[in-house]
Amino acid sequence: MTVEVFKELEKSILPNEFNKYIKKLALDKTLSKPSFIVFKTSNLLMAKFIQTKYAETLSEIYAKKTGIKPEIIITTNEKKLNLKDKKTAKKDLEKPNSTILIESYNFSNFIVGDSNRFAYECSKSVAKNPGKDFNPLFIYGPSGLGKTHLLQSIGNFCIENGKIVICVTSEQFMNDFQFHIRNQTMDKFRLKYRKTDLLLVDDIQFLGNTKGEKTQEEFFNTFNELRQAGGQIVMTSDKPPKILKGFEERLLSRFESGIITDITPPELETKIAIIKKKSEDNKIVLSSKIIEYIATNMGDNIREIESAINKLNAFSNLMRSEITLEFTKSVLQDQIREKKESVTINDVIETISKELNIKPSDIKSKSRRKNIVEARRIGIYLSKKLTINSMPAIASFFGLKDHSAVSHNIRKIKELMDEDGFLKIRVEELENKILKGKNSE
Ligand code: ADP
Ligand code: MG
């Protein structure tokens with residue numbers, strides 16, 4: 001896989017850059033996993049340079065090829081890294097294509113809490129009785145909350161029970177389709193996708209970019225024929241079918257025709273349980289104080305939490321240092337922006353009100369005026385990000401029904417920020433102003 005990733009990167013940078021920096025990187029197989037990849041190079045300076053300049057691009061290329069976006073760490077050969085979990089790391093890497101199925105994703109190592117219980121139960125039920133009650137199963141939620149983990153768990157469970165399973169990202173489905181079209185081997189494509197017991201499609205939202213193209217039509221036909229033949233379909237997505245963009249209506253109604261379940265951000269206890277489990281699985285000793293620190297200060301994305309744990313471990317091996325709270329804070333300073341207990345929702349509202357010239361009572365009102373709706377969304381988003389209030393607490397403060405309304409508003413403003421760079425900058429400025437106001441107290 002690394003060779004393919006390097007080849008892809010080579011296309012976009014200068015030949016001498018490639019030869020000087022990338023070509024000489026050596027994969028550290030013992031420390032690397034699909035979600036955390038360690039490369040070594042000759043010296044620390046070089047490592048730092050490559051880390052800043054190429055790590056993100058490398059990570060994106062891996063994501064495209066494997067469906068998993070790894071954290072990339074470039075380090076140096078100068079000190080010896082400890083070996084750990086040699087066997088499993090190697091096994092993962094030797095898999096020809098990790099999108100097929102990652103063995104380490106299974107039901108038994110999935111931590112269940114209120115935020116994911118229904119999705120977990122539905123997945124288990126589908127795995128035990130594919131093609132029966134819940135068909136299709138549609139799981140949606142923000143990134144990093146375990147959708148792929150559940151999808152792959154279904155796959156692994158069914159393979160063990162002798163079923164034929166195809167697990168692809170929607171991008172892979174598209175590529176596969178185009179490949180067979182080009183080679184005039186559509187009969188093979190159809191045989192493959194319609195003779196399976198389970199078809200698992202990860203991140204179906206990306207199929208929405210192909211409206212009007214033949215891929216959606218092919219997926220529609222695959223879906224219908226497979227289901228008629230008793231095959232099970234499971235899809236994951238970042239949004240519910242209702243608000244998915246770029247899909248033909250008839251496909252959306254198919255997505256809605258089975259069971260739909262979401263995964264919401266984990267509650268603190270679930271987060272703590274996950275951190276405990278992940279550190280135990282990786283044989284990393286973290287005190288309960290450190291676990292709590294990570295759980296309360298990092299965001300809700302479990303993938304990011306996982307890579308923070310891996311980073312802690314790699315750095316503690318590298319520097320031969322024990323993992324103390326101070327060490328944790330310094331290693332994770334880029335990932336963690338400590339939530340200040342002192343920042344309150346009122347601080348958030350006050351700053352937004354002053355900067356955007358909207359009355360605090362309007363921000364908390366139910367007004368649908370565009371600028372007020374936007375200010376309210378920013379307020380909800382920043383309250384979640386900067387204060388230690390729980391989702392239900394934020395909901396009640398802003399007069400929303402429940403925590404899922406908070407999630408919805410946060411998702412919406414994030415989407416808008418992705419589309420509108422200026423909005424993003426404005427929100428970041430507000431964030432800085434709120435924090436500054438607190439620091440100068
Ligand atoms: P998504 O597909 O929703 O973006 P993933 O399934 O890739 O998220 O999850 C990101 C990482 O977090 C994975 O390594 C996964 O194992 C881990 N993870 C997420 N939720 C849980 C959970 N409830 N228990 C254990 N691990 C989890
Ligand atoms: Mg995923």
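Residues numbered from 1 in each chain as written. Chains lettered and ligands numbered in written order. Predicted model: local features only at pLDDT ≥ 70, side-chain atom pairs only at ≥ 80, totals over all residues. Heavy atoms only, no water.

- Per an unreviewed UniProt entry, the chain goes by the name Chromosomal replication initiator protein DnaA and belongs to Campylobacter corcagiensis.
- Comment text from UniProt for the chain, heading Subcellular location (unreviewed entry), reads "Cytoplasm".
- Of the comments in the UniProt record for the chain, the one headed Subunit (unreviewed entry) reads "Oligomerizes as a right-handed, spiral filament on DNA at oriC." (UniProt positions renumbered as here; feature names shortened; annotations may be inferred.)

### Focus: helix α2 (residues 15-22)
- Those residues of α2 not exposed but buried are Glu-17, Phe-18, Tyr-21 and Ile-22. Around the axis of α2, the buried residues are gathered within 100° of arc, so they sit on the same side. Looking at α2, the residues exposed on the side facing more than 90 degrees away from the buried face are Pro-15 and Asn-16.
- Tucked into the core, α2 has its buried residues touching α1 (2-12) and α3 (44-66). (Buried < 20%, exposed > 50% of the residue type's maximum accessible area, 1.4 Å probe, protein only. Helix = DSSP H or I, 4+ residues; strand = E, 2+ residues; numbered from the N terminus. Arc of directions from axis to C-beta. Contact = heavy atoms within 4.5 Å.)

### Things to note about the packing of aromatic side chains
- Across all of its chains, the model carries 15 aromatic pairs by this definition.
- Ring geometry for Phe-189 and Tyr-193: centres 4.6 Å apart, planes at 40°, overall tilted. Separated by four residues within a single helix, Phe-189 and Tyr-193 lie in helix α8 (residues 186-194), roughly one turn from each other.
- We classify Phe-189 as buried; its relative accessible area is 0%.
- Taken together, the ring pairs in this structure connect Phe-138, Phe-173, Phe-177, Phe-189, Tyr-193, Phe-219, Phe-223, Phe-247 and Phe-255 into an aromatic cluster.
- Just above the ring of Phe-315 sits the side chain of Lys-311; from NZ or CZ to the centre is 5.9 Å. (Phe/Tyr/Trp six-rings, centres within 6.5 Å; stacked < 30°, edge-to-face > 60°. Lys NZ or Arg CZ within 6 Å of the ring centre and 35° of its normal.)

### Examining the sheet that holds strand β5 (residues 165-169)
- Taken together, the five strands give an open sheet; going across it, the order is β5-β6-β7-β4-β8, and neighbouring strands pair in parallel fashion. Every other strand in the sheet has two partners, leaving β5 and β8 (259-262) as the edge strands with one partner each. Adjacent strand axes in the sheet meet at a mean angle of 15° when their direction is disregarded.
- Relative to strand β6 (residues 198-202), β5 runs parallel, the two being bridged by five bridges. Looking at β6, one finds that Val-168 is bridged to Val-201.
- Seen against the sheet, helix α7 (residues 170-182) touches β5 and β6 and runs at an angle of roughly 100° to β5. (Pairing = 2+ DSSP bridges. Axes fitted to C-alpha atoms, helices over the stretch in contact; angles between N-to-C directions.)

### Digging into the pairing of strand β2 (residues 36-41)
- In terms of residue burial, β2 counts as a mostly covered element, since six of its six residues are buried.
- Where strand β1 (residues 26-27) lies against β2, two bridges are found, and the strand directions are antiparallel. Counterpart to Ala-26 in the pairing with β2 is Lys-40.
- Pairing analysis gives six bridges linking β2 to strand β3 (residues 71-76), with the strands arranged parallel. If you follow Val-38 over to β3, its bridge partner there is Ile-73.
- After leaving β2, the chain enters α3 and then returns to the sheet as β3, a path that is right-handed. (Right-handed = clockwise from strand over helix to strand, strands pointing away.)

### Description of the pattern of salt bridges
- The final tally for this structure, using the stated rule, is 23 salt bridges.
- Across the salt bridge formed by Asp-176 and Lys-192, the nearest N and O atoms sit 2.7 Å from each other. In this pair, Asp-176 sits in helix α7 while Lys-192 sits in helix α8, placing the two residues 16 residues apart along the sequence.
- In this structure Asp-176 comes out as buried when scored by relative accessible area, which is 14%.
- Accessibility expressed as a relative area gives 38% for Lys-192, which makes it partly exposed.
- Between Glu-256 and Lys-242 there is a salt bridge; the shortest N-O distance is 3.3 Å. Of the two residues, Glu-256 is situated in the loop between α10 (249-255) and β8 and Lys-242 in the loop between β7 (232-237) and α10; the sequence distance between them amounts to 14 residues. (Salt bridge = Lys/Arg side-chain N within 4 Å of Asp/Glu carboxyl O.)

### Things to note about the sheet that holds β3
- On the basis of which strands lie adjacent, the open sheet formed by three strands has the order β1-β2-β3 and mixed pairing. Edge positions in the sheet fall to β1 and β3, since each has one partner strand and no second.
- Contacts from α3 reach β2 and β3 within the one sheet, and its direction differs from that of β3 by about 160°.
- In the packing of helix α13 (residues 302-319) onto the sheet, the strands contacted are β2 and β3, and the crossing angle to β3 comes to about 5°.

### Points about unusual backbone geometry
- For the peptide bond that leads from Asn-135 to Pro-136, omega is 0°, which places it in the cis range.
- Locating Pro-136 in the fold gives a position in the loop between α5 (117-128) and β4 (137-140).
- You will see that Lys-283, though not glycine, has its phi angle at about 55°, which is positive.
- For Lys-283, the position within the fold is in the loop between α11 (268-281) and α12 (288-297).
- Non-glycine residue Arg-320 carries a positive phi angle of around 50°.

### Section: the nonpolar core
- Ranked by internal contacts, the top residues of the largest apolar core, which has 29 residues, are Ile-378, Leu-382, Phe-398 and Val-406.
- Taken together, the elements giving at least two residues each to this core come down to α15 (345-356), α17 (370-386), α18 (391-397), α19 (403-419) and α20 (421-439).
- When residues of this core are assigned to their parent elements, the largest contribution, seven residues, is made by α17.
- Non-local contacts of Ile-378, meaning those with residues more than four positions away in its chain, are made with Ile-352, Leu-356, Ile-413, Leu-423, Val-427 and Leu-430.
- Ranked by size, the runner-up nonpolar core spans 25 residues in total, among them Phe-138, Phe-173, Tyr-193 and Leu-226. (Core = buried A, V, L, I, M, F, W, Y, C linked by side-chain atoms within 4.5 Å.)

### Points about the packing of α1 against α3
- Two elements in contact, α1 and α3, have axes separated by 10 Å at closest approach and are oriented at 120°. Taken as axis vectors, α1 and α3 run oblique relative to one another. For α1 against α3, the interelement crossing comes out right-handed. Of the residues in α3, those touching α1 at Thr-2, Glu-4, Val-5, Phe-6, Glu-8 and Leu-9 are Thr-57, Leu-58, Ile-61, Tyr-62, Lys-64 and Lys-65. (Parallel < 35°, antiparallel > 145°, perpendicular 65-115°, else oblique. Left-handed = near helix turned anticlockwise from the far one by under 90°.)

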